[in-house]
Amino acid sequence: MVATQTHKEQIREAPIQRRDGMILNQLSQGLFALFGLIVVYILGRALFENPGLFMQQVLNGLELGFIYALIALGYTMIYGIVKLINFAHGDVFMVGSFASFYAISILDLHRWPAWIWPGMSSTLVMIIGTITIILISMFVSGLLAVVMERFAYRPLRNKPRIAALITAIGVSFFLEYFGALPFVFTNNYITYDRPFDVTVYSAGEISPVVIGVMWGLLVISLVAYFMLRTQAKSGDMKAQAWLRHPLLQFGWLFGGFFAFVLTLAGIHLESGGKVWDLSVSNVTLVIMGASILLQVLLQFVVTQTQLGKAMRAAAYDKDAARLMGINVDLVIASTFALGGGLAGAAGVLYATAFKQVYYLMGIIPGLKAFVAAVIGGIGSIPGAFLGALIMGQTEVLSAGFISTPMRDAISFSLLIIVLLVWPQGIFGEPPGEKV
Amino acid sequence: MRTRNLLVLVLVGAMLALSACGGGGSKTLKVAILAPLSGNVATFGQSTRDGATLAIEEWNAKGGVLGKQIQPVVEDSQCNAEAAVSAANKVIDQDGVKFIIGEVCSSASIPISEVAMAKGVLQISPTSTNPSVTVGEDGKTKSLIFRACFIDPFQGQVAAKFALEDLKAKTAAVLLDQGNDYVRGLAEFFRDSFEAGGGKVVVWETYTGEDNDFSAILSKVKDANPDILYVPDYYSKVNLIAAQAREKGITATMMGGDGWDSEDLDRTVTDGAYFTNHYSGDDPRPIVQDWIKKYKDKYGSEPDALATLAYDAANILFTAMEKAGTDDPAKVAAAMEGMEFDVVSGHITYDSKHNPVKPAVILQIKDGEIHFVKTIAP
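Reading the values: the criteria
Residues numbered from 1 in each chain as written. Chains lettered and ligands numbered in written order. Predicted model: local features only at pLDDT ≥ 70, side-chain atom pairs only at ≥ 80, totals over all residues. Heavy atoms only, no water. Disulfide = S-S within 2.5 Å. Helix = DSSP H or I, 4+ residues; strand = E, 2+ residues; numbered from the N terminus. Buried < 20%, exposed > 50% of the residue type's maximum accessible area, 1.4 Å probe, protein only. Salt bridge = Lys/Arg side-chain N within 4 Å of Asp/Glu carboxyl O. Pairing = 2+ DSSP bridges. Axes fitted to C-alpha atoms, helices over the stretch in contact; angles between N-to-C directions. Right-handed = clockwise from strand over helix to strand, strands pointing away. Expected span 1.5 Å × (residues − 1). Contact = heavy atoms within 4.5 Å. Domains from an automatic or database assignment. Buried area = accessible area lost by both parts, 1.4 Å probe. Polar contact = N/O pair within 3.5 Å; in protein donor to acceptor, adjacent residues only side chain to side chain. Nonpolar A, V, L, I, M, F, W, Y, C, P; charged D, E, K, R; others polar. pLDDT = per-residue confidence, 0-100.

Focus: the state of the cysteines
Residues and elements named next belong to chain B.
- Under the definition given, this model contains one disulfide over all chains.
- Shown here is the disulfide that connects C79 with C105, its sulfur atoms set 2.1 Å apart. Between C79 and C105 the disulfide shows an S-S torsion of about -115°. By sign, it is left-handed. Here C105 lies in the loop between β3 (99-102) and α4 (106-118) and C79 lies in the loop between β2 (69-76) and α3 (81-94), a separation of 26 residues in the sequence. Exposure class is identical for C79 and C105. Each is buried.

Points about the pattern of salt bridges
- A full pass over the atoms with the stated rule returns 29 salt bridges over all chains.
- The closest approach of N and O atoms between R45(A) and E49(A), which form a salt bridge, is 4.0 Å. With a gap of four residues between them, R45(A) and E49(A) both fall in helix α2 (residues 19-49), about one helical turn apart.
- In this structure E49(A) comes out as exposed when scored by relative accessible area, which is 52%.
- Of the charged contacts in the structure, one is a salt bridge between R154(A) and E149(A), with a shortest N-O distance of 3.4 Å.
- Classification of R154(A) as partly exposed rests on a relative accessible area of 23%.
- Because the salt bridges share partners, they merge into one network encompassing K368(A), E395(A), R407(A), D408(A), D211(B) and D213(B).

Some points on the sheet that holds strand β8 (residues 228-230) of chain B
All names here are of chain B.
- One open sheet holds the seven strands; their spatial order is β7-β6-β8-β9-β10-β14-β15, and the pairing between them is mixed. Two strands in the sheet have a free side with no partner beyond their single neighbour: β7 (200-207) and β15 (369-376). The mean inter-strand angle of the sheet, taken between neighbouring strand axes irrespective of direction, is 25°.
- Here strand β6 (residues 171-177) runs beside β7; their pairing, made up of seven bridges, is parallel.

Considerations on the pairing of β3(B)
Residue and element names in this part refer to chain B.
- Looking at chain direction, strand β1 (residues 28-35) and β3 are connected through four bridges and run parallel. Residue pairing across strands places L34 opposite G102, the latter belonging to β3.
- Note that β3 and strand β4 (residues 122-125) share three bridges and pair parallel. Of the residues in β4, the one forming a bridge with I100 is Q123.
- Viewed along the sheet, the connection from β3 through α4 into β4 turns out right-handed.

A word on the sheet that holds strand β11 (residues 340-343) of chain B
Residue and element names in this part refer to chain B.
- Within the open sheet, the three strands sit side by side as β11-β12-β13. Their pairing is antiparallel. Each end of this open sheet is capped by a strand with a single partner; those strands are β11 and β13 (356-357).
- Bridging between strand β12 (residues 346-350) and β13 involves two bridges; their strand directions are antiparallel. Within the sheet, the bridge partner assigned to Y350 lies in β13 and is P356.

Points about helix α15 (residues 363-376) of chain A
All names here are of chain A.
- Helix length check: α15 (14 residues) gives 20 Å between terminal C-alpha atoms against 20 Å at 1.5 Å per residue, within 8%.
- Counted residue by residue, α15 has 11 buried out of 14 residues, so it is predominantly covered.
- Looking at α15, one finds that the buried residues are P365, G366, K368, A369, F370, V371, A372, A373, V374, I375 and G376.
- Where the residues of α15 are buried, they touch α3 (51-82), α4 (89-105), α14 (328-354), α16 (381-401) and α17 (407-421).
- After α15 finishes, the residue G377 shows a positive phi value of roughly 105°.

A look at the domain arrangement of chain B
Residue and element names in this part refer to chain B.
- Taken as a whole, chain B is organised into domain 1 (22-150 + 284-359) and domain 2 (153-277).
- Summarising the inter-unit geometry, the C-alpha centres of domain 1 and domain 2 are found 29 Å apart.
- Taken together, the contact pairs 20 residues of domain 1 with 14 residues of domain 2.
- With both sides pooled, the region where domain 1 packs onto domain 2 buries about 1,400 Å², and carbon together with sulfur makes up 59% of that total.
- Applying the counting criterion to the domain 1 and domain 2 interface returns zero salt bridges.
- Put simply, domain 1 and domain 2 have five residue pairs in polar contact (both at pLDDT 80 or more) between them.
- When contributions to the side of domain 1 that touches domain 2 are tallied by element, the ones reaching two or more residues are α2 (42-61), α4 and α10 (305-324).
- Along the lines of polarity and charge, the residues of the side of domain 1 that touches domain 2 split into 11 nonpolar, seven polar and two charged.

A look at unusual backbone geometry
- Of note, the bond from G102(B) into E103(B) is cis; its omega dihedral lies within 30 degrees of zero at -10°.
- Within the element layout of this structure, E103(B) appears in the loop between β3 and α4.
- Phi at D108(A) takes a positive value of approximately 60°, unusual for a residue other than glycine.
- With respect to the helices and strands, D108(A) occurs in the loop between α4 and α5 (112-116).
- On the accessibility criterion, D108(A) (24% relative accessible area) is partly exposed.
- One non-glycine residue, Q78(B), lies in the positive phi region at around 60°.
- By the element assignment, Q78(B) lies in the loop between β2 and α3.

Points about the confidence of the model for chain A
Residue and element names in this part refer to chain A.
- Looking at chain A, the pLDDT average stands at 87 and 93% of residues meet or exceed 70.
- Within chain A, the lowest mean pLDDT, 47, falls on helix α1 (residues 2-13), and the highest, 95, falls on α4.
- Here residues 1-6 is a poorly scored stretch, pLDDT under 50, and it has zero contacts once near neighbours within four places are set aside; other chains count.
- Note that residues 13-17 has pLDDT below 50 and, in this model, two contacts with residues that lie over four places away or in other chains.

This is the structure:
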């Protein structure tokens, strides 16, 4: 392992030994440092001038970030296993939101429990209906991803990698413009009916008990983590296994994010003309909850199940995995199904947040999620998650405090910066997490 | 075998000759309707086509224009410059059209006007409100280009005047798509008139046409807490912005322009908002009520301003052709300049810049219905 790392570094170091290259490199690094300092200064000033507005923007960014996370997970999983950047992934996301649009507006499926038990409380109907809608979209998108893999990518698996990449671009265009046909999705902007009604919570409307429970969850998971770690260090195998268990991860992720968001929105302060009065909508909370839950479920599948083990094996070495009796084709198809399913869930959440669907809606979120996956280290699941949160914040904070029209330029230039200073992404390619 | 080939050849030849006769014969007069029939403002295009078609059918029933039946040539120009230019070239070069009704969007009408001027074709845009549709960069009026609607400066002024005088607003936030000539025009003229009248624009934020997430800008609006939120974009963007503004808890009164006039405007999230428009169905003038009835009979729904202006544009064009007594675009343009028209959207005369002089109406969205509030004359 050490040997390969030094080898890699030598390769990376090699061109820098040329003199002109060195000067240019230093110059660009200096420029980036300057750029970074200016950004930090602008954001810092905004934070001090109006902390309430700044934190509201952070909350806005979380909503976007969690949606990107679900899409980015698909990119990263598929890349991890077949080394393919699936550019059609954003369009799978689009198909997912249309699937939910039809399920809601035409089939009325978000109210199905009320058909069976008309007396059911409307809140319960809403919850079950929303979950149903998400599951339908996940199924449709997962199926689409599997079909796509079977017909477009599998025949090219042993061909040069560029062939599959170009095919992916072709599949992406096909899905977009097939969707634009008048008898498919049409090329109009369609208003989306949400599966549930929007409520906005601000200070006073969030029960302190809920906030307390979230903090409790966070504290318990952290305490459990540190206790397990000390035990694991002393060689307890069981503790080591529990330390990696997704349940623990769910505890601190869910508890941590909800405690953070609900606390920010739950307090009301007024001093010296400045008001701290943040609000958070149930859409944001649903997006956060669903995204964390699905992320942890994915981790569970990857680390705790037979399928996950097969996926990791196939990602590591397809031929060896096949020799060990693993059905690699099936494993790859399931990876596409999982990735597509997550994109479908993201599609429902995105359409619910923005209340509009159209045939090109997958392009920009898809590209941003791709950038997020690269920033986090493509192939790494926690990396995709973290990268997506960084993308969400970059986008909203640059729209809020630097320049709205420039926000996409700024978030995409983040990709260039990360690739220059950190070519492997934040989480690199840790072998254990690779899928 | 040989004889069969020969027969086919003769038949094809005969068909070609026949079709050439049909095209070359001057029994019909071709008029192009260029409108966005698909995309993010599809309802505008469909209304425009329906309105203009109704006018053409009426003239044809009366015996046509200059004794010829009018034949509409409809093309989808998609509200964007490239598609609009290729549609304009197609109707002029392939179909031999000398008169164009369209486009809806200013950013498509401006490039079409350049093609039309270069090829000597008369264009009348029903609804493009940006000043540069009829006036070139050199400040000279484009001799063959007209419009049937008032222009952005007037609409922006009317909105600002209404906000200041009737809504007693002191502060306003303006959100605009910087890449759209129409939206930018309205926003800038609103800002100038609002500030000239003593108001203050506290938030001025631009976005791009691809944006879906407005949370960052709207948080700033919420923080500034203005009286008015002016969003002069098309309905598809307004739906997005209004829904998100609601969720952010923004209480400012929303206002917009004629881009809001669509069946697809989400009337629950824009409840209580005002917008400026070209006409109101509540107007008691007989010509208005007659038009609404005719439209309802044919299409089964109330005409929006887009359909009305397209109907007006077609009527203005055909009336001027009758007056000129010829289908030479230059002579028709000269006749149009000096005429007065009584059409559905009001009494129209043309000023030196080919803009109609006519009043605007303010409408309010309330409980899912659109109500007439008042008329503001120039």
